[in-house]
Amino acid sequence: MAMQITRAFLKELELQPHRSLGQYLLVDEQVVKDIVNALNILRDDEIVEVGSGIGVLTSAIINEFKKFKGGRQNLTAVEIDKRYSEYMKKYFHDENVLKVVNKDMLKFRFNEYFKKPVKVAGNIPYYISSPLLRMLFDNHKLVSVIVIMLQKEVGLRVFADPENKKYNEYYGLLSIMRKLHYDAEIIRTVDRNSFLPVPDVDSIVIRLKVHKPLLECDEEKILLRILKPAFNARRKMLKNALKSTGTQEEIKKWSDAANIDLNDRIENIDLGRLKLFLKAYVGDKGKGSL
């Protein structure tokens, strides 16, 4: 199905993508296969597809489910564009494993649809990448695996870790939010010519697998609030970037407890030391301090 998508086909059905909605339809069959393989679909999996478009990835996931005997609603495709969701309902009307939901994914409530953890897949519109990722991370109790395609720069921000100097420049709050709940790996990069229309940037497919939360919920909120101004001033040394956190004496005390050099910069500090800084901070200030 993927390789049959043409501008003429889309025009005939009045399904031309809207750039204003970040709609770039994936037309590379090998990329679709790689996403499906990365999902490692099992018989009892529940999968949520973000932004189904006209069903290229949808079709591949359905075919994977068909390898198992017996069918039920294993796949939920969430599509904000009513043109596409109506087309999906018509095109896949015989597929009993699929449920199509015409809804903004940012307003999707996992606990209203699922009682157990699900896998999430999709080609994410560029303009909602960061808020959508934050939403998925907030739902880590119900989202066990995420295999998504993102604008390359955003994907590297998710993947980045100070221990891997190659991606050091991308390390930020999004990286930390991911690390608090998910392990990450890069599946592949995707050339911009794999889409219709052709976007201005290349993309990347990443897989995230949930792990036990590294902090309690209230501690996580405190850490992110401490780090936000530091990353906004990432070119400054930490002794200046953390000024809003406490007095000079307090900041030195907490940094010493975490073996953090205040002459260093935030992008060089791994999560382990940040957790120690937080522990020292909370020990003095308390969890209600921010």
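Look up a bit, the structure's there.
Residues numbered from 1 in each chain as written. Predicted model: local features only at pLDDT ≥ 70, side-chain atom pairs only at ≥ 80, totals over all residues. Heavy atoms only, no water.

With that settled, consider the nonpolar core. Counting residues in each nonpolar core, the largest one holds 63 residues, and the members touching the most others are Met105, Phe110, Val120, Phe137, Ile146, Ile176 and Leu274. For isoleucine 176, the residues in contact, after removing those within four places along its chain, are Tyr171, Leu223, Leu224, Leu227, Phe231, Leu271 and Leu274. Judged by nonpolar contacts, the second largest core, of 39 residues, contains Ile47, Val97, Val190 and Val205. (Core = buried A, V, L, I, M, F, W, Y, C linked by side-chain atoms within 4.5 Å. Buried < 20%, exposed > 50% of the residue type's maximum accessible area, 1.4 Å probe, protein only. Contact = heavy atoms within 4.5 Å.)

A few words on the packing of aromatic side chains. Note on aromatic pairs: each is described by the distance of the centres and the angle between the planes. Within the structure shown, the criterion is met by 12 aromatic pairs. For the ring pair phenylalanine 108 and tyrosine 113, a centre distance of 4.5 Å and an interplane angle of 15° mean the geometry is stacked. For tyrosine 113, a relative accessible area of 30% puts it in the partly exposed group. Pairing phenylalanine 108 with phenylalanine 114 gives two aromatic rings, centres 6.5 Å apart and planes at 50°, and the pair type is tilted. The pair phenylalanine 108 / phenylalanine 114 is uniform in exposure class, with both members buried. Through a chain of ring-to-ring contacts, the aromatic side chains of Phe108, Phe110, Tyr113 and Phe114 assemble into a single cluster. If you follow arginine 83 out to its NZ or CZ, it ends over the ring of tyrosine 84, 4.9 Å from the centre. (Phe/Tyr/Trp six-rings, centres within 6.5 Å; stacked < 30°, edge-to-face > 60°. Lys NZ or Arg CZ within 6 Å of the ring centre and 35° of its normal.)

This next bit is on helix 6 (residues 129–138). Along an α-helix, a turn takes 3.6 residues, which lines up residues three or four apart on a common side. A large share of helix 6 lies buried, amounting to 7 of its 10 residues. Listed as buried for helix 6 are Ser129, Ser130, Leu132, Leu133, Met135, Leu136 and Phe137. (Helix = DSSP H or I, 4+ residues; strand = E, 2+ residues; numbered from the N terminus.)

Right, let's get into the pattern of salt bridges. All chains considered together, the criterion is met by 14 salt bridges. Lysine 89 is the partner of glutamate 86 in a salt bridge, and the nearest nitrogen-oxygen pair spans 3.9 Å. Taken together, the residues span about one helical turn, with glutamate 86 and lysine 89 both in helix 4 (residues 82–91) at a distance of 3 residues. (Salt bridge = Lys/Arg side-chain N within 4 Å of Asp/Glu carboxyl O.)

On to the sheet that holds strand 4 (residues 98–102). With mixed pairing, 7 strands are arranged side by side in an open sheet as 4-3-2-5-6-9-7. At either margin of the open sheet sits one strand with a lone partner, and together these are strand 4 and strand 7 (182–190). Recorded for the sheet is a direction-independent mean angle of 15° between the axes of neighbouring strands. In this sheet, strand 5 (residues 118–123) lies alongside strand 2 (residues 47–50) in parallel orientation, the contact comprising 4 bridges. The residue bridging valine 50 from the neighbouring strand is glycine 122, located in strand 5. Against the sheet, helix 6 touches strand 2, strand 5, strand 6 (143–151), strand 7 and strand 9 (203–210), its axis set at about 170° to strand 6. (Pairing = 2+ DSSP bridges. Axes fitted to C-alpha atoms, helices over the stretch in contact; angles between N-to-C directions.)

Of all 6 residues making up strand 5, 5 are buried, and the element is well covered by its neighbours. Direction of pairing for strand 5 relative to strand 6: parallel, over a ladder of 6 bridges. Looking at strand 6, one finds that glycine 122 is bridged to isoleucine 148. In this fold, the crossover linking strand 5 to strand 6 by way of helix 6 has right-handed handedness. (Right-handed = clockwise from strand over helix to strand, strands pointing away.)

Turning next to unusual backbone geometry. Backbone geometry follows two general trends: most residues other than glycine have a negative phi, and most peptide bonds adopt the trans configuration. At the junction of leucine 196 and proline 197, the peptide bond is cis and its omega measures out at -5° in the coordinates. Examined against the element boundaries, proline 197 turns out to sit in the loop between strand 8 (195–196) and strand 9. A positive phi angle is found at asparagine 40, which is not glycine, with a value near 50°. Mapping asparagine 40 onto the fold places it in the loop between helix 2 (29–39) and strand 2. Residue asparagine 40 is classed as partly exposed on the basis of its relative accessible area of 49%. A positive phi angle, near 55°, is found at asparagine 259, a position not held by glycine.

Attention now goes to the environment of methionine 149. Within the secondary structure layout, methionine 149 lies in strand 6. For the pair methionine 149 and lysine 107, spaced 42 residues apart in the sequence, the C-alpha separation amounts to 20 Å. Setting aside its immediate chain neighbours within four residues, methionine 149 contacts Leu26, Val31, Ile35, Gly122, Asn123, Ile124, Val190, Phe195, Ser203, Ile204 and Val205.

With that settled, the discussion passes to the packing of helix 11 (residues 248–257) against helix 12 (residues 271–285). Relative to each other, helix 11 and helix 12 sit at 135°, their axes nearing to 7 Å. Overall, the two elements helix 11 and helix 12 adopt an arrangement that is oblique. Taken as a pair, helix 11 and helix 12 cross one another with a handedness that is right-handed. Judged by residue contacts, Glu250, Ile251, Lys253, Trp254, Ser255 and Ala257 of helix 11 engage Leu276, Phe277, Ala280, Tyr281, Asp284 and Lys285 from helix 12. Class assignment for the residues of the contact of helix 11 with helix 12 results in 7 nonpolar, 1 polar and 4 charged. (Parallel < 35°, antiparallel > 145°, perpendicular 65-115°, else oblique. Left-handed = near helix turned anticlockwise from the far one by under 90°. Nonpolar A, V, L, I, M, F, W, Y, C, P; charged D, E, K, R; others polar.)

A few words on the packing of helix 9 (residues 217–232) against helix 12. Between helix 9 and helix 12, the shortest axis-to-axis distance is 10 Å and the interhelical angle comes to 105°. By the angle class used here, helix 9 and helix 12 are roughly perpendicular. Contacts between helix 9 and helix 12 involve Glu219, Ile222, Leu223, Ile226 and Leu227 from the first element and Leu271, Leu274, Phe277, Leu278, Tyr281 and Val282 from the second. Residue composition of the contact of helix 9 with helix 12, grouped by class: 10 nonpolar, no polar and 1 charged.

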